[in-house]
Structure formats: structure tokens, C-alpha cells
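Chain and residue survey
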Amino acid sequence: MRRRPPVPAAARAILARDRLALARLITKVENRDHGVAPVLQALYPHTGRAAVIGLTGPLGVGKSSLVNSLLQLLRKAGKRVGVIGVDPSSPFSGGSVLGDRIRIDRDPADTGIFFRSMASRGHPGGLAAATREVVRLLDAFGMEVVLLETAGTGQVDVEIGAVASTNVVVLVPHLGDEVQSLKAGLFEIADVFCVNKCDLPGADGAARYLAELVGLTPRSDAWRPRVVQASTVLGTGIDELWAAVEAHEAYLRTSGSFEKGNRTRLEAEVLELYRERILAGAVAQVEGSPELRRLLDEVEARRLDPRAAADSLYERNHARRRPRS
Amino acid sequence: MARESRRPPIRVLIAKPGLDGHDRGAKIVARALRDAGMEVIYAGLRQTPEEIVESALEEDVDLIGLSILSGAHMVLFPRVLNLLRSRKAARIPLFAGGIIPDEDARKLRKLGVKAIFGPGASLEEIVRTARSIARPRT
């Protein structure tokens, strides 16, 4: 074991619930600032206490409004709540309009809330690369619940499943025919389905259909996903939604699924960081090299296909370094 | 896919203080700043100075842009500036757009508003100014 390093000032500030320090540290984590590694390490033992509730679903189903309704309910119950709203970055300009704050009603003096908008910055899956670490910062800061709203997601954006402890998939009536829901992806990660905008016609049918679907979707545990209907306009169904979330959290803790799921999530995270590290190093090693330029000339002249060029780069630069097994 | 730039994006809060409900201008500016590669936190309508400052601090922005058409700028802008000062965040620069008479604009500049845009200001000019006044990252 290494000698335990002193706790960095930034970590002490987070544990002392310094909001400005938290805001600044989140920025550094987002910007992949190298100086934050010892701070994150020092804070890690103070994490793992918050319930991380993911809200995901297609564009415009009312995720932000539901977050606002849940926020009001949780503050009334005296819970300290962190909120992360992810919105997409433009693949063209890199810029982003982060609009999740618009839906949030709050007293700016209420220190029991910390809301942060995050741009996805090219990360696929409805989250940003740094989202997991920001969740952990809010956890270490003492937030009991973290509400994590993804960018509007498509069928394959299921990364939230590996980050949140309870996943709420938000849908609205008339999103598509039944075949849509037979397709793989989003529907498989739901612990709770929320049919939002249930003031619109078709909500009962959608909820009924989802309830039938739940019985047919295999799971790795014995939890049977609940289906609730909610309307943020009428203010109905919010209590039921939170009750369903709490029931799942309770199930996780009593069944041992939490530990099991947690280990899977941690493994995925370690492997992803490892992959990120290796990729960055491996790509940087060949980027701009004369060898790459030579290969590109060949590809451009259609003498070598792109895959053969990549194979050649790999063979020359990485394959030999592998230890023999 | 766009190449990821080495420098982190500028984060800017765009909000409408006060009670007027016309946010076309604010939205167009938000979009132009987005297209210039910035991360724009759009806080929307009817924001109090307290809400604006709290949002700016939580989001750790490098710049605040306020749009106002109600005529209450001489009350609301100094209040935002004072709150920023009292929260030790006076380093976050403030720019403004809307219907602001020249004489008021002069006074507001003296109070610390870094730039003021009236009707007819070009988006290029706003983007250029936003880039140049944004708080540099340490």
C-alpha cells in the first residue's frame, strides 16, 4: 500500500459543504484537469451513500418537469438533493444550450439543492464522460438523493443503467406502436416506467401495455418494474412515482442486488477509464506520425483499404508490446 | 465529428431578469453563442437577481448575459453586480442586451457592466465581445 497522502484542500472544502468549491471542482472534473485525481481519491471513501435516480427517455417527454416535481417533493420531505441535467453538445461547433434549469422552481437561498447542467461533450449514451464523477462529488458533498436527467435518448442510450441505482424510463402516450417496444435497448434498463403527460388521451393504454411488457422482459434479479402514470401539469402521480423509486431502492438493499449491481457498475467504470487511458495513449502515439501519413497516402490512392492501414498501425506500434501470455 | 478542442468551452449563463416576457433576443443570442462553441446555460424568463447569481455560481460560468426590455435595468443590474460582489464572484463579467437608453448604458458601464447591446447589434459582434470578456480560466 502507498502511504496515505494528505487530504487536499479542495476535498476538505467539499466535505465542509462549500458550494463554490463544489461548483469549481465540477468544472475541473468536466475539463479533465489532471490536478483533480488526488481530490477525487480523497473524496471517494465519503461516497456511496446517495440514492442515484436516473431519469431517461426520448426528447420532449417531460424529464426536466418531472425532475422539478420530484425535487419539490423531496425538499418537502427534508432530503438534500443534487440534480444533474445533461444536454447534448453540438457535434459541429462543440457548443451547447443547456436548458434543464428553466423547468426548475426553487428558492435560490435553499442550500439543500445543488443543480448542475452538463454538456455531453461528444460522449454518446445521453451522459457526459464526467457524469459519474460529478454524481460522486454531489454524494460526497452530502446530497442524499441525486437526480440524474439524461439528454433526450434514443433506443441504444442505456449508459445511465450503469450509473444510477434506480432507472426511471419516462415515456408519453402514442410514442409508437408495440413493435417499438420489442426492440432492444431502453426498455431493458427500466426499474420504473413513468407514463408522463397522462392528462393526454392514450395514457391508460400505454400504461397497460407497459405493464404487460414488464412481465415478459427477463431480468437478472427478481424486481418487477412498476408502471406509474404522472402529469406534471395536473401535479398527479408524483407521489406514486417516488413511491415506486423508493420501493426499488428498498428492494436493492434488502435483496443484496445493490452490492451485486454496484460491483458490476464499478467494474464497468474501471474498465472504461482503463480503455480511455489506453486509447488516448495509443492514438496519440501514432497521430501525426510520418508512418500514418505514408499509410494515408496509400489509402487515398486506393491501394490500401482503411482497415488494412489501421491493422498495419496496430501491428507496428502496439502488437509487439503485448506481454506473452 | 468535430475535433475536440484542447481548450475547455466557455460557460455562459443567459437569463432574463424582471417581468417582461419577450425572450426571442435572449434565445437568438444563446443560439449564436452555442454555434460559437460555448456552453450556454439558458435560465429563461422572470429570473430574480438572486436566482441569476445562484445559477451563475452553481454552474461556475465564465460570463453572464442578461436580456431586458422592461426598463427595470437600473434597478436589477446593479443588484446583480452587488450580489456577485457580496458572493465574492465579481470576477464573473456581465454583459447586457435589450432596450437600454444611452445615458443608462453609460452609468451601467461605470457600475461594471462590461458590454451593452441594443437593437441592431450583430450576432458576430456579440460573439466576439463575449469571447473577449469571458473570465479566463486559471
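Read on for an overview of the structure.

Attention shifts here to the overall build of chain B. Within chain B, the secondary structure is distributed over five helices and five strands. Taking 2.2 N^0.38 as the reference for a compact globule, 138 residues should give roughly 14 Å; the C-alpha atoms of chain B span a radius of gyration of 14 Å, in line with that estimate. Taking the principal axes of the C-alpha coordinates as reference, chain B spans close to 45 × 35 × 25 Å. For chain B, buried positions account for 54% of its 138 residues. In chain B, the proportion of contacts linking residues at least 24 apart, taken out of those at least 6 apart, comes to 73%. Accessible surface computed for chain B: about 7000 Å², of which carbon and sulfur atoms make up 52%. Of the charged side chains in chain B, 24 are positive and 17 negative, and the gap between their average positions amounts to 4 Å.

The next thing to look at is the sheet that holds strand 8 (residues 226-229) of chain A. Within a beta sheet, neighbouring strands are joined by backbone hydrogen bonds and run either parallel or antiparallel to one another. All names here are of chain A. The strand order 4-2-5-1-6-7-8 describes an open sheet built from seven strands, whose pairing is parallel. Since the sheet does not close on itself, it has two edges, and those belong to strand 4 (113-119) and strand 8, each with one partner. Neighbour-to-neighbour, the strand axes of the sheet open up by a mean angle of 20 degrees, direction not taken into account. Note: strand 1 (residues 51-56) against strand 5 (residues 145-149), five bridges, orientation parallel.

On to the layout of surface pockets. Residue and element names in this part refer to chain A. Estimates place the volume of the second largest pocket at around 620 Å³. Residue lining of the second largest pocket: 23 residues in total, with Gly161, Asp191, Arg219, Ser220 and Asp221 positioned closest to the centre. Mapped onto the lining of the second largest pocket, the elements with two or more residues apiece are helix 8 (238-255) and helix 9 (257-286). Here the lining of the second largest pocket takes six residues from helix 9, the largest share from any one element. Grouping the amino acids of the lining of the second largest pocket by side-chain chemistry returns eight nonpolar, nine polar and six charged.

The subject of this paragraph is empty space enclosed by the protein. Residues and elements named next belong to chain A. Taken as a whole and judged by the stated rule, the model has three cavities of 30 Å³ or more. Estimated volume of the largest cavity: approximately 80 Å³. Lining the largest cavity are Phe187, Glu188, Ala190, Phe193, Val214, Thr217, Pro218, Arg219 and Pro225. Looking at the lining of the largest cavity, its residues break down into six nonpolar, one polar and two charged. Lining the second largest cavity are Arg32, Ala129, Arg132, Glu133, Glu269, Glu272, Leu273 and Glu276. Secondary structure elements with two or more residues in the lining of the second largest cavity: helix 5 (131-140) and helix 9. Among the elements that take part in the lining of the second largest cavity, helix 9 stands out by supplying four residues, more than any other. Among the residues forming the lining of the second largest cavity, the class breakdown is two nonpolar, no polar and six charged. Both domain 1 (48-255) and domain 2 (267-321) contribute no fewer than three residues apiece to the lining of the second largest cavity.

Calculation notes
Residues numbered from 1 in each chain as written. Chains lettered and ligands numbered in written order. Predicted model: local features only at pLDDT ≥ 70, side-chain atom pairs only at ≥ 80, totals over all residues. Heavy atoms only, no water. Helix = DSSP H or I, 4+ residues; strand = E, 2+ residues; numbered from the N terminus. Rg over C-alpha atoms; globule rule 2.2 N^0.38 Å. Buried < 20%, exposed > 50% of the residue type's maximum accessible area, 1.4 Å probe, protein only. Contact = heavy atoms within 4.5 Å. Areas by Shrake-Rupley, 256 points an atom, 1.4 Å probe, with all protein chains shown as cover. Lys, Arg positive; Asp, Glu negative; His and termini not counted. Charge placed at Lys NZ, Arg CZ, Asp CG, Glu CD. Pairing = 2+ DSSP bridges. Axes fitted to C-alpha atoms, helices over the stretch in contact; angles between N-to-C directions. 1 Å grid on protein atoms, 1.4 Å probe; cavity = no way out; pocket = protein on both sides within 12 Å on 5 of 7 lines; lining within 4 Å. Points joined across faces, edges and corners; volume = space filled by probe spheres on them. Nonpolar A, V, L, I, M, F, W, Y, C, P; charged D, E, K, R; others polar. Domains from an automatic or database assignment.

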